[in-house]
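Here are the chains, one letter per residue:
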Amino acid sequence: MRRAVGLRRTGVTTVLVTVVMLVLVTAGSQAYFSDTAEGSAVSSGSPALTIRDLTVAGRSEGRVVDHGEPYEVRFTVVNDGGAPWRGNLTLFDHVDTDSGADLGERGVVLAWPGSTPRSDIAQAVGAGDYSTATVIGPNTSDTGAMPGASPATTGQAVDLPEFTLGAGQQRSFTFRVVVLSNRLDAGGEGMSRLAEDSGAVATPLRFGVLARNTGTAGTRTSARSGGRGRIVDAHVRMRVNTPPELRAAGANTGPFLGQVGGDQATDGYLRALVRATDAEDDPDGDGEKLEGSISWTSDFDPDTAGEWSARYTVTDSAGASAEPVTVAGETWTFVKIVTGRDHTLALDSTGRVWTWGRASGGRLGSGDAGDGGVPTLLPTFDGGDDAARVVDIAAGARSSYAVTADGRVWAWGRDDHGLGNGSTRSDHPAAFDLPEPAAQISAGHHTTGAVTTGGNVYAWGENTHGQVGDGTTADRDTPVAVDVSGVEQLSMGHRAGAAITGDGGLHTWGSDGHGLLGDGTDSHGDTANPPTRVDPRGAGYSMVSMGRLHALAITGEGVVHGWGHDGAHRIGGSGDRDEPTALGLDEYGPARHVTAGYDRSWVTLSDGRLVTAGANEHGELFTGAGSAHGFDTATDVHANSVVMAAGGRDSAHVLPVDGHVYSVGRNDHHQLGDGTTTSTTKSVKWGFDPPSVP
């Protein structure tokens, strides 16, 4: 993407004093200088050549001219001798030898014949086409020391056309001169402040002319130099154009997904991320009085989450450019939601955590005893530190958990069976470490487990049914190892746990009541069962979700399997299953996400539709309030283009691709996050408002 936006310009802060000096030199390269005052000169010696009426911009002093604008340099050459003279003039710019480089080495001096229309000059300067001008610039040959000049000078020169001046004749010369001073440095050598109370600076600039005999139009006597050699001066003040400055404006570079609209809004947003100012053109520095253009290239897409950058350049109306500036940003959205009994956590793509719902027991992590009516950013995880970015979240009945990029586990809220750090209550997130860095976390009612970067599992909390997975029924307030390895996904339920390994294997542990282990046998007891691999008909699994008394899983082909208790038709209404069984959802197409709740099931299909089953007293199935039913397509207007669904005890939520959360069900403790306590069977949008962008 490339854009350019116009700017306006007024004002001046930096001024260059331009001293124009014409030096007439004989063919013998000896300089003849005027003995008279500034503005007009009469030579001493022979031939008797005179420079008269030297003016710049119509005056010999006091005129202010603009950088990049044409102004006139005029003078008259008179042959007071008795013989014709033939030769040429050489136009040069020069400075005192001891005051540094001449202007031609830092900028460009352009001279056109005086009859050249100003519009043609303006067009040439704007286009950078100097083919019709005499150019003095960094590549122009240096004249070396100018003979006879006092003070000593050096400069760069170009020859003007040869001409003849008869005895007693005179000839007027007019040039339209443009100086491009983009390279001038206000703090450079030779610069001086114009006044104590002014930020403007000046540098000396002189134009000169050499006259050289090149023909035999007449006779001439030997030249001789005068004794005093006084320079003729004509002074002007010229506004020096220094490059504009470009900097990041400090605006919000983290828009929410889709927050910036179409092309016009995108252009306006990207333009607002930088500020361009110029010392001469924009004295107050607000960037609104410049004239020129800002251009940028960017991979920013308002409808795609992720990091992006924009590279900016600015050129003022006189052609000066600032150093390019790159602004980095990240468009973000929400990527995961999890629910406890009456509270919800949402993880965004920048690694921040947002909470809402019931606050008792510290489960929202803010330390506030009041319920969270709308999603609120948890200050502990602000996304500013890469190591502290959250990579996964989980919610127990009254507790909450997070794993950060540095592998630490964070716990807050209340769980009388243990939060994993040896405590049972924390009003704010508290970190602890596993024997290995954590990468993923899952929480059931009162039992929590984490997967490490090495694929191992550690668990803690309630263990009445052996759901911790250590083969005992003793509660664990700190993590213990679970005998399963190579784990890629973990789900902790109320009474059992389940894991998917890298080879697609399904492993379960804990209670086998209602067939929760899914191994199809009754050869073991109902509690304290260690991890067992379940491989019905060799199916490979990609995801599992363990609910209170039932479980759901997705095979590698997107087929949904279910097992456990079928009360309230939570696995379709065909009765309990003691092993994973296809639930007949093939007619809907492949699935990409499953959630097994208290007594409900939510299946997100690959095309974004939602299929639900189970209890529906409060409309939790997104089909309106009614009796429990087997799997059917959700009819709620917001149950489309769904990424995932999650459910609490009496509420449910969907996260569509637009990044916003829509909820149904009970709302007496702000479970729906819409800022009210009104329960509803039709989904409402949460009360989240992303931070404003320019």
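**Remarks on the overall build of the protein chain**
Looking only at helices and strands, the protein chain has two helices and 52 strands in total. Every one of the 694 residues in the protein chain was classed for burial, and the buried ones make up 53%. By sequence separation, contacts in the protein chain at least 24 residues apart represent 59% of the contacts at least 6 residues apart. With an accessible surface of roughly 27,100 Å², the protein chain has 45% of that area assigned to carbon and sulfur atoms.

**A look at unusual backbone geometry**
The backbone of A528 shows a phi angle near 55°, a positive value even though the residue is not glycine. Its place among the elements puts A528 in the loop between β39 (506-510) and β40 (529-534). One non-glycine residue, A568, lies in positive phi territory at about 60°. Mapped onto the secondary structure, A568 falls in the loop between β43 (560-564) and β44 (577-582). Overall, A568 belongs to the partly exposed group, its relative accessible area being 28%.

**Quick look at the sheet that holds strand β45 (residues 591-596)**
As summarised here, the arrangement of the four strands in space is β45-β46-β47-β48, forming an open sheet in which the pairing is antiparallel. Of all strands in the sheet, those bounded by a partner on one side alone are β45 and β48 (629-633). Ignoring which end each strand starts from, the neighbouring axes of this sheet average 10° apart. Pairing between strand β46 (residues 600-605) and strand β47 (residues 610-614): five bridges, direction antiparallel. The residue bridging W602 from the neighbouring strand is T612, located in β47.

**Details of the pattern of salt bridges**
Scanning the entire structure with this criterion turns up 21 salt bridges. Linking R414 and D416 is a salt bridge whose minimum nitrogen-to-oxygen distance equals 3.1 Å. Across the salt bridge formed by E620 and R600, the nearest N and O atoms sit 2.8 Å from each other. Of this pair, E620 sits in the loop between β47 and β48 while R600 is found in strand β46, placing the two residues 20 residues apart along the sequence. You can call E620 buried: its relative accessible area is 0%. R600 sits in the buried class, given a relative accessible area of 1%.

**Focus: the side chain of R271**
Structurally, R271 is set in helix α2 (residues 263-271). Polar contacts involving the side chain of R271 include one to the main-chain carbonyl oxygen of V274, which spans 3.1 Å.

**Remarks on the packing of aromatic side chains**
Counted according to the given criterion, the structure contains 20 aromatic pairs. Both rings, one in F256 and one in F334, keep their centres 6.0 Å apart while their planes meet at 55°; by these two values the pair is tilted. Here F256, found in the loop between β20 (245-248) and α2, pairs with F334, found in strand β25 (residues 334-339); they are 78 residues apart in sequence, far enough to count as distant. The structure contains a cluster of three or more aromatic residues connected by ring pairs, namely F256, W332, F334, W354, W356, W686 and F688. Across from the ring centre of W332, 4.3 Å away, lies the NZ or CZ of R352, which sits over that ring.

**As for the pairing of β46**
The element β46 is extensively covered by neighbouring structure, given that six of its six residues are classed as buried. Burial along β46 is two-sided: the face carrying R600, W602 and T604 and the face carrying S601, V603 and L605 are both buried. Bridging between β45 and β46 involves five bridges; their strand directions are antiparallel. Paired with H593 across the two strands is T604, which belongs to β46. Hairpin connection, β45 to β46: the antiparallel pair is bridged by three residues. Connecting β46 to the antiparallel partner β47 that follows it, the hairpin turn spans four residues, and G608 within it adopts a positive phi of roughly 90°.

**As for the nonpolar core**
Counting residues in each nonpolar core, the largest one holds 17 residues, and the members touching the most others are L246, Y269, L270, L273, I294, W308 and Y312. Every element with two or more residues in this core is listed here: α2, β21 (274-277), β22 (292-298), β23 (306-316) and β24 (325-331). M543, V560, I571 and L585 belong to the second-largest nonpolar core, a separate cluster that totals 16 residues.

**Comments concerning the sheet that holds strand β31 (residues 409-414)**
To summarise the sheet geometry, strands pair through backbone hydrogen bonds and adopt either a parallel or an antiparallel arrangement. Reading across from one edge, β29-β30-β31-β32 is the order of the four strands in this open sheet, with antiparallel pairing throughout. Each having just a single partner strand, β29 (390-395) and β32 (425-432) make up the two edges of the open sheet. In this sheet, adjacent strand axes meet at a mean angle of 15° when their direction is disregarded.

**Quick word on the side chain of H670**
With respect to the secondary-structure elements, H670 resides in the loop between β51 (662-665) and β52 (680-685). Classification of H670 by relative accessible area gives buried; the value is 17%. Reaching out from H670, the side chain makes a polar contact with the backbone oxygen of T676 at a distance of 3.1 Å. Apart from the residues within four sequence positions on either side, H670 is in contact with W356, G357, D371, G372, G373, G675, T676 and T677.

**Regarding helix α1 (residues 118-127)**
Those residues of α1 not exposed but buried are I121, A124 and V125. The arc that holds every buried residue of α1, seen down its axis, measures 95°, which confines them to one face. Opposite the packed face of α1, turned more than 90 degrees from it, sit the exposed residues Q123, G126 and A127. Among the residues trailing α1, G128 stands out with phi positive, at a value near 70°.

**Observations concerning the pairing of β25**
By the bridge criterion, five bridges tie β25 to strand β26 (residues 343-348) in an arrangement that is antiparallel. Each residue of the ladder has a partner; that of F334, found in β26, is D348. Count of turn residues in the β25/β26 antiparallel hairpin: three residues.

**With respect to the environment of T344**
Checked against the element boundaries, T344 lands in strand β26. Each C-alpha atom of the pair T344 and G648 lies 8.1 Å from the other, and the pair is 304 residues apart in sequence. Apart from the residues lying within four places of it in its own chain, the contact partners of T344 are V338, T339, W354, T355, W356, H653 and Q671. Polar contacts involving the side chain of T344 include one to the side chain of H653, which spans 3.3 Å.

**What about the environment of S641?**
By the secondary structure assignment, S641 is in the loop between β48 and β49 (642-647). Residue class for S641 comes out partly exposed when judged on its relative accessible area of 38%. In the structure, S641 is positioned 17 residues away from D658 in sequence and 8.4 Å away in space, judged by C-alpha atoms. In contact with S641, not counting residues within four places along its chain, are G608, P656 and V657.

Cut-offs applied
Residues numbered from 1 in each chain as written. Predicted model: local features only at pLDDT ≥ 70, side-chain atom pairs only at ≥ 80, totals over all residues. Heavy atoms only, no water. Helix = DSSP H or I, 4+ residues; strand = E, 2+ residues; numbered from the N terminus. Buried < 20%, exposed > 50% of the residue type's maximum accessible area, 1.4 Å probe, protein only. Contact = heavy atoms within 4.5 Å. Areas by Shrake-Rupley, 256 points an atom, 1.4 Å probe, with all protein chains shown as cover. Pairing = 2+ DSSP bridges. Axes fitted to C-alpha atoms, helices over the stretch in contact; angles between N-to-C directions. Salt bridge = Lys/Arg side-chain N within 4 Å of Asp/Glu carboxyl O. Polar contact = N/O pair within 3.5 Å; in protein donor to acceptor, adjacent residues only side chain to side chain. Phe/Tyr/Trp six-rings, centres within 6.5 Å; stacked < 30°, edge-to-face > 60°. Lys NZ or Arg CZ within 6 Å of the ring centre and 35° of its normal. Core = buried A, V, L, I, M, F, W, Y, C linked by side-chain atoms within 4.5 Å. Arc of directions from axis to C-beta.

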